[in-house]
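# Architecture and fold: a report
Listed below are the residues making up each chain.
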Amino acid sequence: MKKFAMIGAAGYIAPRHMQAIKATGNNLVAALDINDSVGIIDSHFPNAHFFTEFERFDRHLDKLRRANSNDKVDYVSICSPNYLHDSHMRFALRTGADAICEKPLVLNPWNIDGLKEIEKDTGHKINTILQLRVHPAIIALREKVQNSKKDTKHEVDLTYITSRGHWYLQSWKGDLKKSGGIATNIGVHFFDMLHFIFGDLQENIVHLSDDTKAAGYLEYENARVRWFLSVDFDDVPEAQKEAGQRTFRSITVDGEEIEFSGGFTDLHTISYQEILAGRGFGLDENRTAIATVSHIRNAPIAPLTGDYHPKLKK
């Protein structure tokens, strides 16, 4: 049984990590969050120590490490706001643990180089949650693409609309410097998925980028991709609105819809199983996706010529 600590226990994604820790037969011994609305811990690890101050959390983990080598924390799961991931991964490694970090790993690709140095200095490893890489439907699509090389590239449309209320722009997620913006916050795992399936990124054009939506064109080794991301309810198609849905997700490859909406609830557990077996995704696997969203954040807006997402015609 491995011992885990968690940074960011009150957020949306933390329960999936708690479930994964429990499902893999391990124990959460300590958790940190500046917010104390963490009753969810009782459903999984009621004996876990909880802290709202980083200094006391740090002290607790240090005491465990010094008291007995069997008591020290093996992994620190990081579910904190995006801009703090870099610092919290460094802390995890320096405290003598491996890190398991939510997406996005960091906000800029050069941060990865600094983390590689910390890995080298400490001998510990950073693992990341790239959950779509372990989704059966995505794995099957990747194998199909790799086994059916053709002279022309695949034509791909990616649309992801996940409505958020007015709170979104008032939270850290609405702060570009903290979240990295829409493409980073809700899109980075899709961009990683595209790289995973279709190979090296060759071109990255941005057609739209504001607080609630972004769109552009990506060209990979084996695909031409038109993408659109939004947290604006108005962008949800009418059919989904009438059905009472606030989210719309669609990926088409050469006009064929790729169905992968099922199976999401177990992907964190599968990710943890792979990490614990030594097959986790490390720093280098993240570089292309992080470079993609960093460019989107800083790129000039291109005119609507050539390939662009059909949503932009409105």
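Residues numbered from 1 in each chain as written. Predicted model: local features only at pLDDT ≥ 70, side-chain atom pairs only at ≥ 80, totals over all residues. Heavy atoms only, no water.

What follows deals with the environment of isoleucine 161. Note that isoleucine 161 resides in strand 7 (residues 154-162). Between the C-alpha atoms of isoleucine 161 and serine 250, which are 89 residues apart in sequence, the distance is 9.1 Å. In this structure isoleucine 161 touches Phe228, Ser230, Asp232, Asp235, Val236, Pro237, Arg246, Thr247, Phe248 and Lys311, once residues within four positions along its chain are discounted. (Helix = DSSP H or I, 4+ residues; strand = E, 2+ residues; numbered from the N terminus. Contact = heavy atoms within 4.5 Å.)

So, about the pattern of salt bridges. Scanning the model with the defined rule gives 17 salt bridges in all. Put simply, aspartate 62 and arginine 65 hold a salt bridge, and the shortest N to O gap is 2.7 Å. Highlighted residues: aspartate 62 and arginine 65, both in helix 2 (residues 54-67), separated by three residues, approximately one helical turn. Of the residues examined, aspartate 62 reaches a relative accessible area of 23% and is grouped as partly exposed. A salt bridge links glutamate 155 to arginine 224; its shortest N-O distance comes to 2.7 Å. Of the two residues, glutamate 155 is situated in strand 7 and arginine 224 in strand 10 (residues 223-230); the sequence distance between them amounts to 69 residues. (Salt bridge = Lys/Arg side-chain N within 4 Å of Asp/Glu carboxyl O. Buried < 20%, exposed > 50% of the residue type's maximum accessible area, 1.4 Å probe, protein only.)

On to helix 2, then. In this model, helix 2 (14 residues) spans 20 Å end to end at C-alpha, consistent with the 20 Å of a helix rising 1.5 Å per residue. Of all the residues in helix 2, the buried ones are Phe57, His60, Leu61 and Leu64. Burial along helix 2 is one-sided: seen end-on, the buried residues are contained in an arc of 90°. Across helix 2 from its buried face, at more than 90 degrees, point the exposed residues Glu55, Arg59, Arg66 and Ala67. (Expected span 1.5 Å × (residues − 1). Arc of directions from axis to C-beta.)

A word on the domain arrangement of the protein. Its domain assignment divides the protein into domain 1 (3-128) and domain 2 (132-262 + 283-312). Across the boundary between the two partners, domain 1 contributes 18 residues, which contact 18 residues of domain 2. Note on domain 1 versus domain 2: buried area summed over both sides is about 1600 Å², and carbon and sulfur give 59% of it. The largest contributions to the domain 1 side of the interface with domain 2 come from Lys103, Leu107 and Ile112, which together make up 31% of the buried area. Linking domain 1 to domain 2 there are two salt bridges. Our count for the contact surface shared by domain 1 and domain 2 stands at 10 residue pairs in polar contact (both at pLDDT 80 or more). Of all the secondary-structure elements, those providing two or more residues to the side of domain 1 that touches domain 2 are helix 4 (110-122) and strand 6 (126-128). No other element matches helix 4, which puts six residues into the side of domain 1 that touches domain 2. In terms of residue class, the side of domain 1 that touches domain 2 is made up of 11 nonpolar, three polar and four charged. (Domains from an automatic or database assignment. Buried area = accessible area lost by both parts, 1.4 Å probe. Polar contact = N/O pair within 3.5 Å; in protein donor to acceptor, adjacent residues only side chain to side chain. Nonpolar A, V, L, I, M, F, W, Y, C, P; charged D, E, K, R; others polar.)

Here we take up the packing of aromatic side chains. Under the counting rule described, the total for this entry stands at eight aromatic pairs. With 6.2 Å between their ring centres and 65° between their planes, phenylalanine 51 and phenylalanine 57 make a pair best called edge-to-face. Residue phenylalanine 51 is classed as buried on the basis of its relative accessible area, which comes to 9%. Each ring, one from phenylalanine 191 and one from tryptophan 227, has its centre 5.1 Å from the other, and the planes form 85°; the classification is edge-to-face. On the criterion of sequence distance, the pair formed by phenylalanine 191 in helix 9 (residues 188-198) and tryptophan 227 in strand 10 is long-range, its members being 36 residues apart. Tryptophan 227 matches phenylalanine 191 in its accessibility class, with the two residues each being buried. It is arginine 133 that lies over the ring of phenylalanine 281; its NZ or CZ is 5.1 Å from the centre. (Phe/Tyr/Trp six-rings, centres within 6.5 Å; stacked < 30°, edge-to-face > 60°. Lys NZ or Arg CZ within 6 Å of the ring centre and 35° of its normal.)

Within strand 7, eight of the nine residues are buried, leaving the element largely enclosed by the surrounding structure. In the sheet, strand 7 pairs with strand 10 via eight bridges, with the strands oriented parallel. Its bridge partner lying in strand 10, histidine 154 is registered against alanine 223. Where strand 7 meets strand 11 (residues 247-253), seven bridges bridge the pair, whose relative direction is antiparallel. By the bridge assignment for strand 11, threonine 159 is matched with serine 250. (Pairing = 2+ DSSP bridges.)

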